[in-house]
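Topology and contacts: notes
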Amino acid sequence: MKHPNWIAPSILSADFARLGDDVKDVLLSGADIVHFDVMDNHYVPNLTIGPLVCDSLKNYMTKNGLEQPIDVHLMVKPVDRVIPDFAKAGANYITFHPEASEHIDRSLGLIKDCGCKAGLVFNPATSLDYLEYVMDKIDMILIMSVNPGFGGQSFIPQALNKLRAVRKMIDASGYDIRLEIDGGVKVENIREIAEAGCDTFVSGSGLFGKGLATDPNRYDTIVRQMREELAKA
Ligand code: DX5
Ligand code: ZN
């Protein structure tokens, strides 16, 4: 099943001092879903934001009529403790790394029981074997094209082969599953990523990096350029 392409700004590269407005501006420029990176300085060597910020952001979005989903990417270990917190804080998708959960099937079930869509995230060296027995419980598969922990890293080209492999698995399964890429996505490479079968494109530095802080329309050009590249795929 072919999904419409979604551009997913990673708020890791947003201005945290004015997070609500920055997210509003990028959504009004046409981005489709908010990618919310959660890091714990344990599973990954960096520390970011938790459910309190998700809750505030969701409230701010609702007040401003922004109905785009929030895609929570958990880079924490263990994962089960925080899943209900993020569900209550307005997450729509919750994805986690299989290495970070002792019981992957249970964690996927917990996400679903909390009313969210569930996904697994694959680091550059992580095998796709984890998918074999849980395809029916998954709404999103996220392929990391950098090692998780930081924005602004370079795209690892091997991720394209992995996308092609996952695209085949999704199509063969017949399930309704989004295929997302995360890390080093820019206007320059988004087309070949789409051609590898991706439909959901996280971009942090590639999107937020080029704005002029004062102009509310500062993301229009970059979102439009990404869409133009996607249209060529
Ligand atoms: C990395 C995060 C990414 C990151 C992407 O661990 O999961 O979402 O913010 O940033 P860019 O697009 O700058 O690589
Ligand atoms: Zn991410």
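Scroll up to find the structure this text is about.
This text gives an overview of the structure that appears in the document. (Residues numbered from 1 in each chain as written. Chains lettered and ligands numbered in written order. Predicted model: local features only at pLDDT ≥ 70, side-chain atom pairs only at ≥ 80, totals over all residues. Heavy atoms only, no water.)

**Here we look at the overall build of the chain**
Counting its regular elements, the chain contains 8 helices and 8 strands. Here the chain has a C-alpha radius of gyration of 16 Å; the compact-globule value for 233 residues is 17 Å, and the two agree. Along the first, second and third principal axes, the C-alpha atoms of the chain reach 50 × 40 × 30 Å. Taken over 233 residues, the chain has a buried fraction of 54%. For the chain, long-range pairs separated by at least 24 residues make up 63% of all intrachain contacts whose partners lie at least 6 apart in sequence. For the chain, the accessible surface area stands at approximately 10300 Å², while carbon and sulfur atoms represent 51% of it. Averaging the positions of the 24 positive and the 32 negative side-chain charges in the chain gives two centres separated by 2 Å. (Helix = DSSP H or I, 4+ residues; strand = E, 2+ residues; numbered from the N terminus. Rg over C-alpha atoms; globule rule 2.2 N^0.38 Å. Buried < 20%, exposed > 50% of the residue type's maximum accessible area, 1.4 Å probe, protein only. Contact = heavy atoms within 4.5 Å. Areas by Shrake-Rupley, 256 points an atom, 1.4 Å probe, with all protein chains shown as cover. Lys, Arg positive; Asp, Glu negative; His and termini not counted. Charge placed at Lys NZ, Arg CZ, Asp CG, Glu CD.)

**Describing the coordination of the zinc ion (ligand 2)**
Coordination of the zinc ion (ligand 2) by the protein comes from H35 (NE2), D37 (OD), H73 (ND1) and D182 (OD), over a distance range of 2.1 to 2.3 Å. Seen from the zinc ion (ligand 2), its 6 donor atoms lie at angles of 70 to 171°, and the figure they make is octahedral. All donors of the zinc ion (ligand 2) belong to a single chain; written as a sequence motif, their spacing is H-x1-D-x35-H-x108-D. Residue H73 is found in strand β3 (residues 70-75), and its partner D182 is found in strand β7 (residues 178-182); the two are separated by 109 residues along the sequence. Note on accessibility: H73 and D182 belong to one class, buried. (Donors = N, O, S within 2.8 Å, 3.2 Å for Na, K, Ca; no water. Tetrahedral: all angles 85-135°; square planar, octahedral: opposite > 155°, others 65-115°.)

**Some details on the environment of V202**
In this structure, V202 sits in strand β8 (residues 200-203). Since its relative accessible area comes to 2%, V202 is described here as buried. Separated by 115 residues in the primary sequence, V202 and A87 place their C-alpha atoms 21 Å from one another.

**Notes on the side chain of E180**
In this structure, E180 sits in strand β7. Although E180 lies buried, it forms no salt bridge, and the closest oppositely charged side chain, R178, sits 8.1 Å away as judged by the N-O distance. Beyond its immediate stretch of four places on either side in the chain, E180 contacts A8, H35, D71, M140, I141, L142, I143, L163, C198, T200 and V202. (Salt bridge = Lys/Arg side-chain N within 4 Å of Asp/Glu carboxyl O.)

**A word on the sheet that holds β3**
Taken in spatial order, the 8 strands line up as β1-β8-β7-β6-β5-β4-β3-β2 in an open sheet, and their pairing is parallel. For this open sheet the edge positions go to β1 (6-9) and β2 (34-39), each flanked by a neighbour on one side alone. Taking the axes of each pair of neighbouring strands and ignoring which way they run, one obtains an average angle of 25° across the sheet. (Pairing = 2+ DSSP bridges. Axes fitted to C-alpha atoms, helices over the stretch in contact; angles between N-to-C directions.)

**Some remarks on the pairing of strand β5 (residues 117-122)**
Most of β5 is tucked away, with 5 of its 6 residues classed as buried. Examined bridge by bridge, strand β4 (residues 93-96) and β5 share 4 bridges and lie parallel to one another. Across the sheet, residue T95 finds its bridge partner in β5, namely G119. Note on the crossover from β4 through helix α4 (residues 104-113) to β5: the handedness is right-handed. Bridge analysis of β5 against strand β6 (residues 140-144) gives 4 bridges, and the strand direction is parallel. Bridging across to β6, V121 finds its partner in L142. (Right-handed = clockwise from strand over helix to strand, strands pointing away.)

**So, the packing of aromatic side chains**
Enumeration over the complete set of coordinates arrives at 3 aromatic pairs. Both rings, one in F36 and one in F86, keep their centres 6.2 Å apart while their planes meet at 70°; by these two values the pair is edge-to-face. Residue F36 is located in strand β2, and its partner F86 is located in helix α3 (residues 83-88); the two are separated by 50 residues in the primary sequence. Grouping residues by exposure puts F36 and F86 together as buried. Centroid distance F208 to Y219: 5.3 Å. Interplanar angle 80°. Geometry classified as edge-to-face. Residue F208 is found in helix α7 (residues 205-208), and its partner Y219 is found in the loop between α7 and α8 (220-232); the two are separated by 11 residues along the sequence. Y219 carries the same exposure label as F208, and that label is buried. (Phe/Tyr/Trp six-rings, centres within 6.5 Å; stacked < 30°, edge-to-face > 60°.)

Function-wise, these values are silent; they only describe arrangement.
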